[in-house]
Amino acid sequence: MQTIGHDSWGIVGHHWAVDMLRHAVAAQRPAHAYLISGPRHVGKSLLALRLAQTLNCEQAGDAPCDECRSCRRIAKGNHPDVRIASLATQGATLKAEEAARQRDVRIETVRTWLADINLRPYEGRRRVFILDDVERLSEGAANAMLKVLEEPPPYATIILVAHTAGDVMATIVSRCQAIKLRPVARDAIAPWLMTQGVSERDAVTYAAWSEGLPGLAHQYAHNPEAAGQLQAQLDELLSLSQRPLVECFKWVEEQGKAFRGGEQAAVYDTLLLWQRWWRDVLVVAAGVPDAITWVNRHADVTRVARGTGVVPAAAFVRRLVLAVRQLRENANPQLVFEQLILQLPDRQ
Ligand SMILES: [Zn+2]
């Protein structure tokens, strides 16, 4: 048995999870079902894929070799023993708009995905079934899944991936080995980006922006549009302190429309972005030597911190947290955003 470090799994952070899976594979005792949960872009799907590769790698080590036919086919998504389903695969035949509006993973999707789960592997050593968006299983789909988990087939490993484990049916959770992934330290993300040819300065910036989510840092580093969009979004928020009230209220109206029009996630993202800015201001105003998110705008953060002070900055951070809660409790989005504009501590 060859012993290979975490790096050969190509996973940033989550060492404990990689170690646990490596040992299970080395001992030839992988669980019948895993539930990998954590925030978006933290690395859940990648971990699932690397496990599928390790279980079927022709080198039979405790890490994927990345070179054998099996590893390569799994990476390309065309290995007969590795089945992947998700809201995206379910909506593959729909128009983009309809696909985005899908509410749950349907029972037919789960049935098709698990159709031949009792068969022996065709080519590999183990059949691996990966299902994403598990927090969105319909009741029927969850029950179909439960039946399979109650009598796990001998040659299969089921890997369920959920964005929030809290929304997965308790009876499903109890039949899986739980792997909860948390945000990764930015000190681990920056060097990883540098191995991809990103300069040190940029790597540190993207790692900070990502808030511990390697997938997001990777996007910022390799997709200039994503990085540009984030900065443009922040610029818009910051401009609200200077723009005339009538323009700000136009913006408020847009947020309300977006929220009611089904773009809740985008509106929550905006609030989170704003919160991160004001948290930076607070941290700098309070003189706490803590890592800030907007490392590329240190001078701006410092200027606003000097002009605002600790107490108003702290109050506005709390105000933004409250706004998220109010929206979740069905408050009128327009009123919530209006209040934010009127209470902006640095409005001129
Ligand atoms: Zn291999």
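These remarks concern the structure in this document. In this text the structure is predicted, and so the values were computed from the model without any measurement.

**As for the overall build of the protein**
Helices and strands together make up the secondary structure of the protein, namely 17 helices and five strands. Counting only C-alpha atoms, the protein reaches 70 × 45 × 35 Å along its principal axes. Out of the 348 residues in the protein, the part that is buried amounts to 36%. Contacts spanning at least 24 positions in sequence make up 70% of the contacts within the protein whose residues lie at least 6 apart.

**What to know about the sheet that holds strand E2 (residues 82-85)**
Strand order in this open sheet of five strands is E2-E3-E4-E1-E5, and the pairing throughout is parallel. Two strands close off the open sheet at either side, each with one partner strand: E2 and strand E5 (177-180). The sheet shows a mean angle of 15° between the axes of neighbouring strands, taken without regard to direction. As judged from the four bridges shared by E2 and strand E3 (residues 127-131), these two strands associate in the parallel manner. Following the sheet pairing, Arg 83 is matched in E3 by Phe 129. Packing of helix H2 (residues 44-56) onto the sheet brings it into contact with strand E1 (33-37), E2, E3 and strand E4 (156-162), and relative to E4 it is tilted by some 170°.

**Things to note about the nonpolar core**
Counting 63 residues, the largest nonpolar core has Ile 159, Leu 160 and Leu 193 as its most contacted members. Not counting residues up to four positions away in its chain, the partners in contact with Ile 159 are Tyr 34, Ile 36, Ala 48, Leu 51, Val 128, Phe 129 and Ile 130. Membership of the second largest hydrophobic core comes to 15 residues, among which are Leu 234, Trp 274, Ala 285 and Val 317.

**What about helix H13 (residues 245-260)?**
The end-to-end C-alpha distance of H13 is 23 Å, a good match for the 22 Å that 16 residues give at a rise of 1.5 Å each. By the burial criterion, the buried members of H13 are Cys 248, Val 252, Gln 255 and Phe 259. For H13, the buried positions fall inside an angular range of 60° around the axis, keeping them on one side. Away from its buried face, by an angle of more than 90 degrees, H13 presents the exposed residues Val 246, Glu 247 and Lys 250. Of the surrounding elements, those touching the buried residues of H13 are helix H14 (264-285), helix H16 (310-328) and helix H17 (333-343).

**Considering the packing of H13 against H14**
In the contact formed by H13 and H14, the axes pass within 7 Å of each other and the chain directions differ by 135°. When the interaxial angle is binned, H13 and H14 end up oblique. Residue-level contacts link Gln 255, Ala 258 and Phe 259 of H13 to Gln 264, Ala 266 and Val 267 of H14. Residues belonging to the contact of H13 with H14 are distributed by class as follows: four nonpolar, two polar and no charged.

**As for unusual backbone geometry**
A positive phi is found at Ala 60, a non-glycine position, where the angle reads about 55°. Notably, Asn 330 is not glycine yet its phi reads approximately 70°, a positive angle. One can find Asn 330 in the loop between H16 and H17.

**Topic: the environment of Leu 137**
Locating Leu 137 in the fold gives a position in the loop between E3 and helix H7 (139-150). Sequence separation between Leu 137 and Met 169 is 32 residues, and the spatial gap between their C-alpha atoms is 8.9 Å. Sequence-distant contacts of Leu 137, defined by excluding residues within four places in its chain, comprise Asp 104, Val 105, Ala 142 and Met 145.

**Examining the packing of H2 against helix H3 (residues 69-76)**
Contact pair H2 / H3: the axes reach a minimum separation of 9 Å and the direction vectors enclose 155°. Looking at the two axes, H2 sits roughly antiparallel to H3. As for how H2 packs across H3, the hand of that crossing is right-handed. Along the contact surface, H2 presents Leu 49, Ala 52, Gln 53 and Asn 56, while H3 presents Ser 70, Cys 71 and Ile 74. Looking at the contact of H2 with H3, its residues break down into four nonpolar, three polar and no charged.

Reading the values: the criteria
Residues numbered from 1 in each chain as written. Predicted model: local features only at pLDDT ≥ 70, side-chain atom pairs only at ≥ 80, totals over all residues. Helix = DSSP H or I, 4+ residues; strand = E, 2+ residues; numbered from the N terminus. Buried ≥ 20, exposed ≤ 12 C-beta atoms within 10 Å, placed from the backbone. Contact = placed C-beta atoms within 7 Å. Pairing = 2+ DSSP bridges. Axes fitted to C-alpha atoms, helices over the stretch in contact; angles between N-to-C directions. Core = buried A, V, L, I, M, F, W, Y, C linked by C-beta atoms within 7 Å. Expected span 1.5 Å × (residues − 1). Arc of directions from axis to C-beta. Parallel < 35°, antiparallel > 145°, perpendicular 65-115°, else oblique. Nonpolar A, V, L, I, M, F, W, Y, C, P; charged D, E, K, R; others polar. Left-handed = near helix turned anticlockwise from the far one by under 90°.

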